[in-house]
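Spelled out from the first residue to the last, the chains are:
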Amino acid sequence: MFYYVLKYAIIGPLLRLFFRPRIEGPENIPEHGAAIVAGNHLSFSDHFLMPAILKRRITFLAKAEYFTGPGVKGRLTAAFFHSIGQIPVDRSGKDAGQAAIREGLGVLGRGELLGIYPEGTRSHDGRLYKGKVGVAVMAIRAQVPVVPCAMVGTFEIQPPGQVVPRIKRVTIRFGEPLDFSRYAGLENQKAAIRAVTDEIMYAILTLSGQEYVDEYAAKVKAAQAEQTRQTGPSKKFPKLRR
């Protein structure tokens, strides 16, 4: 109930007023039944903008840190994410990926929309990074379509370190649903799930026009953090292609 109060009476109207999101391809979202919406992840604002513009409710797998922060701010953040139906997933440890898949399949099993960011984390520089294969495992096992999505402009309104978003128009594009029924039963085959993941990432890339990096974002972040520790911070980000 509170989800719809936030969507239609509080946060949704404010987001539409300030960011005037331009929505392209909303007809590609199935009106009924389970489906995965797989998108790029450029900003913390993405968590709010996509649910605000969709007619259907969408559930995201959110990192557990959003639910475990200390103090009043941490409790408020946790309460907010719980209220909008987001599911905490612990991304640490060897079983983290399997836990996320189990939670995602539960959402799909109820015939709902599941939102996922295949990169696994926010892009720190506006580029699109290699996708993790969990999205492919879920799509094949649940036999559901995958709708690619591109958030355009959200990196500019709220890049890393930007607490209050800049007021600027953004675009949200949905591509045609991808059907992976031809891979039925192959969710344990590495070559198959890599091929499905790469197809999804290519569809997102086509919609977003980002520069693509064939490495995992978390790995690149860690390497750059180590470099920063040794040489000092840099505030330069590459320009995004449109």
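Residues numbered from 1 in each chain as written. Predicted model: local features only at pLDDT ≥ 70, side-chain atom pairs only at ≥ 80, totals over all residues. Heavy atoms only, no water.

## Here's the deal with the overall build of the protein
Rule in force here: Secondary structure follows DSSP: runs of H or I at least 4 residues long count as helices, runs of E at least 2 residues long count as strands, and numbering of each begins at the N terminus. Classification of residues uses two cut-offs on accessible area relative to the type maximum, computed with a 1.4 Å probe and protein chains only: under 20% is buried, over 50% is exposed, and between them is partly exposed. Throughout, a residue-residue contact means that at least one pair of heavy atoms, one from each residue, lies within 4.5 Å. Residue-level accessible areas treat just the shown protein chains as cover; the underlying method is Shrake-Rupley with a 1.4 Å probe.
Assigned secondary structure in the protein consists of eight helices and nine strands. Counting all 242 residues of the protein, 50% fall into the buried class. When contacts within the protein are restricted to residue pairs at least 6 apart in sequence, long-range pairs at least 24 apart make up 80% of them. Summed over all atoms, the accessible surface of the protein reaches about 12,600 Å², with 57% contributed by carbon and sulfur.

## A closer look at the packing of aromatic side chains
Convention followed: Only rings of Phe, Tyr and Trp enter the pairing, Trp through its six-membered ring, and a pair is recorded when the two centres are within 6.5 Å. The plane angle decides the type: under 30 degrees is stacked, over 60 is edge-to-face, the rest tilted.
In this structure the tally under the stated criterion is three aromatic pairs. The interplanar angle of 20° and the centroid separation of 5.2 Å between the aromatic rings of Phe60 and Tyr117 together place this pair among those described as stacked. One end of the pair, Phe60, is in strand β3 (residues 58-63); the other, Tyr117, is in the loop between β5 (113-116) and β6 (128-129), and 57 residues separate them in sequence. Using a relative accessible area of 12% as the deciding quantity, one classes Tyr117 as buried. Ring centres of Phe180 and Tyr183 lie 6.4 Å apart, and the angle between their planes is 55°; on these two criteria the pair is classed as tilted. With a relative accessible area of 16%, Tyr183 lands in the buried category.

## What about the packing of helix α5 (residues 134-142) against helix α7 (residues 190-208)?
Rule in force here: In this analysis an axis means a line fitted to C-alpha atoms, helices contributing only their contacting stretch, and an angle means the value between N-to-C directions, from 0 to 180 degrees. Angle categories are assigned with fixed cut-offs, so that under 35 degrees is roughly parallel, over 145 is roughly antiparallel, 65 to 115 is roughly perpendicular, and the rest are oblique. Ten residue types, Ala, Val, Leu, Ile, Met, Phe, Trp, Tyr, Cys and Pro, are classed as nonpolar, four, Asp, Glu, Lys and Arg, as charged, and the remainder, Gly among them, as polar.
Orientation of α5 relative to α7, taken along the N-to-C sense of each, is 105°, at an axis distance of 8 Å. Considered as vectors, α5 and α7 are oriented roughly perpendicular to each other. Residues Val135, Ala136, Val137 and Ile140 of α5 lie in contact with α7, whose contacting residues are Ile193, Val196, Thr197 and Ile200. In the contact of α5 with α7, the residues fall into seven nonpolar, one polar and no charged.

## A word on the pattern of salt bridges
Applied cut-off: Take a side-chain nitrogen of Lys or Arg and a carboxyl oxygen of Asp or Glu: if they are within 4 Å of each other, that pair is a salt bridge.
The tally for this structure, following the rule as stated, stands at eight salt bridges. Put simply, Asp125 and Arg127 hold a salt bridge, and the shortest N to O gap is 2.9 Å. Side by side, Asp125 and Arg127 carry an identical accessibility label, which is buried. The shortest N-O distance in the salt bridge between Arg127 and Glu211 comes to 3.6 Å. Here Arg127 is found in the loop between β5 and β6, whereas its partner Glu211 is found in the loop between α7 and β9 (212-213), with 84 residues between them in sequence. Through salt bridges with shared partners, one network takes in Asp125, Arg127 and Glu211.

## Digging into the pairing of strand β7 (residues 146-152)
So the rule is basically this: Strands pair, by our definition, only if DSSP identifies at least two bridges between them.
Judged by how many residues are buried, β7 sits mostly within the fold: seven of seven residues are covered. Residues Val146, Pro148, Ala150 and Val152 of β7 are buried on one face, and the alternating residues Val147, Cys149 and Met151, pointing to the opposite face, are buried as well. Pairing of strand β2 (residues 35-39) with β7 involves four bridges; the strand directions are parallel. Note that in β7 the partner of Ile36 across the bridge is Val146. When β7 meets strand β8 (residues 171-174), the two strands line up antiparallel, connected through four bridges. What sits directly across from Ala150, in β8, is Arg173.

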